[in-house]
Amino acid sequence: MARPVIGISTYQEPARWGVWEMPAALLPASYPRLVRAAGGLAVMLPPDDTADAAREAVAALDGVVIAGGADVEPARYGESPDPRTGPPARARDAWELALIEAAIELRVPLLGICRGMQLLNVALGGTLHQHLDGHTGGTGVFGEHPVTPVPGTLYAAAVAEPTVVPAYHHQAVDRLGSGLTASAHAPDGTVEAVELAGHDGLVLGVQWHPEMGEDVRVMAALVAAAARHRSSAEGAPVV
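From a predicted model like this one, the values you see are computed outputs, not experimental measurements.

Enquirer: Explain the overall build of the protein chain to me, using residue names and the numbers behind them.
Expert: A tally of helices and strands in the protein chain yields 6 helices and 13 strands. Taking 2.2 N^0.38 as the reference for a compact globule, 239 residues should give roughly 18 Å; the C-alpha atoms of the protein chain span a radius of gyration of 17 Å, in line with that estimate. Principal-axis analysis of the C-alpha atoms places the extent of the protein chain at approximately 50 × 50 × 35 Å. Relative to its 239 residues, the protein chain shows a buried fraction of 51%. Approximately 11000 Å² of the protein chain is accessible, and the part contributed by carbon and sulfur atoms is 55%. In the protein chain, 15 positive and 27 negative side-chain charges are present, and the distance between their average locations comes to 4 Å.

Below is the structure:
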């Protein structure tokens, strides 16, 4: 059976290579590497302008990953920016929110990583803590801390025991979005994973960066759900 096709959101940034300097659709190589290690086929989703484009892209995929990155603009959840909140990335917010909404509507398995988890929460009406300490290793350095699963959740089915995870964030889930369940926590109580209850496909967000570690189980859960989604769409059993 062909590998499930997993689309990963990208972002536009100025870049230089060879004699060229121009805007580029960027994605750290660790994301597609993790998808491959988990048995999927990674494709990049460069930003587009419309919700229709997001829906068309998602409909062609078996699974979607919303990658980490810049802070979500607080206006998206009805708040003014904290002085420590980074500059808005409005085009990226709009594109990735459209991808999330399309994935939920079309029942395409979805994994949000760091910012991606925060956007999932915002897409469903939740809010964010705009700043907290202790979840990085310093500027530009990933930290580590343990994450404990909530028994009975989809996340716990994928990763049953407490694990130490690579983390780099200063924002986190505050009020949970509609239908979301907290499925893992850090020692300080920070919500470290969320999932959409009652959804017939996997919709999961993790606050850490699994692509920066060696544990493929979170991505493997997405790839397995993507294989089931493909099989269901084709009317054939998963082998």
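Enquirer: Describe the environment of Gly-112, with residues and values.
Expert: Tracing the chain through its elements places Gly-112 in strand β6 (residues 110-113). Once residues lying within four places of it in the same chain are set aside, the contact partners of Gly-112 are Ile-66, Met-117, Leu-204, Gly-205 and Val-206.

Enquirer: Got a sec to walk through the packing of aromatic side chains? Specific residues and values, please.
Expert: In this description, a pair of aromatic rings is defined by centroid distance and the angle of the planes. Throughout the structure, instances matching the rule amount to 2 aromatic pairs. A ring pair is formed by Phe-142 and Tyr-168, whose centres lie 5.7 Å apart and whose planes are at 55°; its orientation type is tilted. Note that Phe-142 is positioned in the loop between β7 (128-129) and β8 (143-149) and Tyr-168 in the loop between β9 (163-167) and β10 (172-173), a separation of 26 residues in sequence. Phe-142 gets classed as partly exposed once you look at its relative accessible area, which sits at 36%. Using a relative accessible area of 31% as the deciding quantity, one classes Tyr-168 as partly exposed. Ring geometry for Tyr-155 and Trp-208: centres 5.6 Å apart, planes at 70°, overall edge-to-face. Residue Tyr-155 is found in helix α5 (residues 154-158), and its partner Trp-208 is found in the loop between β13 (203-206) and α6 (217-234); the two are separated by 53 residues along the sequence. Residue class for Tyr-155 comes out buried when judged on its relative accessible area of 1%.

Enquirer: Now, about the pairing of β8: what can you tell me, with residues and values included?
Expert: The pairing of β8 with β9 spans 5 bridges and is classified as antiparallel. The residue of β9 that forms the bridge with Pro-146 is Val-164.

Enquirer: An account of α6 is requested, with residue identities and associated values reported.
Expert: The end-to-end C-alpha distance of α6 is 25 Å, a good match for the 26 Å that 18 residues give at a rise of 1.5 Å each. For α6, the full list of buried residues reads Val-218, Met-219, Ala-221, Leu-222, Val-223, Ala-225, Ala-226, Ala-227, His-229, Arg-230 and Ser-231. Looking at the residues trailing α6, positive phi occurs at Gly-235, about 75°.

Enquirer: I'd like a description of the sheet that holds strand β4 (residues 41-45), backed by residues and values.
Expert: Read across the sheet, 9 strands follow the order β4-β1-β5-β6-β13-β12-β11-β8-β9 without closing on themselves; strand pairing throughout is mixed. In this open sheet, the two edge strands, each paired with only one partner strand, are β4 and β9. Strand-to-strand twist in this sheet, taken as the mean axis angle between neighbours without regard to direction, amounts to 30°. Sheet strands touched by helix α4 (residues 115-123): β5 (63-66), β6, β11 (180-185), β12 (191-196) and β13. Its angle to β6, the strand with the most contacts, is close to 115°.

Enquirer: Account for a negative patch on the surface, with residues named and values stated.
Expert: Judged by side-chain charge, Asp-48, Asp-49, Asp-52 and Glu-56 come together as a negatively charged surface patch. As for its placement among the helices and strands, Asp-52 is situated in helix α2 (residues 51-59).

Enquirer: Outline the pairing of strand β1 (residues 5-9), supporting the account with residue identities and numerical values.
Expert: Burial analysis of β1 places 5 of its 5 residues in the buried class, the great majority of the element. What you see with β1 is no split at all: Val-5, Gly-7 and Ser-9 on one side and Ile-6 and Ile-8 on the other are buried throughout. Sheet topology note: the β1/β4 ladder contains 5 bridges and is parallel. Residue pairing across strands places Ser-9 opposite Leu-45, the latter belonging to β4. Sheet topology note: the β1/β5 ladder contains 3 bridges and is parallel. Along β5, the bridge assignment pairs Ile-6 with Gly-63.

Enquirer: Pulling in residues and values, what's your account of unusual backbone geometry?
Expert: Excluding glycine, residues mostly have negative phi values, and the peptide bonds linking residues are mostly trans. The phi torsion at Arg-107 lies on the positive side, around 60°, for a residue other than glycine. Tracing the sequence through the fold places Arg-107 in the loop between α3 (90-106) and β6. Judged by relative accessible area, which is 39%, Arg-107 ranks as partly exposed. Positive phi outside glycine occurs at Cys-114, with the angle close to 55°. Mapped onto the secondary structure, Cys-114 falls in the loop between β6 and α4. A relative accessible area of 5% places Cys-114 in the buried class.

The rules behind these values
Residues numbered from 1 in each chain as written. Predicted model: local features only at pLDDT ≥ 70, side-chain atom pairs only at ≥ 80, totals over all residues. Heavy atoms only, no water. Helix = DSSP H or I, 4+ residues; strand = E, 2+ residues; numbered from the N terminus. Rg over C-alpha atoms; globule rule 2.2 N^0.38 Å. Buried < 20%, exposed > 50% of the residue type's maximum accessible area, 1.4 Å probe, protein only. Areas by Shrake-Rupley, 256 points an atom, 1.4 Å probe, with all protein chains shown as cover. Lys, Arg positive; Asp, Glu negative; His and termini not counted. Charge placed at Lys NZ, Arg CZ, Asp CG, Glu CD. Contact = heavy atoms within 4.5 Å. Phe/Tyr/Trp six-rings, centres within 6.5 Å; stacked < 30°, edge-to-face > 60°. Pairing = 2+ DSSP bridges. Expected span 1.5 Å × (residues − 1). Axes fitted to C-alpha atoms, helices over the stretch in contact; angles between N-to-C directions. Patch = residues over 30% accessible without salt bridge, like charges linked within 9 Å, V, L, I, M, F, W, Y side chains within 5 Å. Salt bridge = Lys/Arg side-chain N within 4 Å of Asp/Glu carboxyl O.

Purely geometric stuff here, so don't read any function into it on its own.
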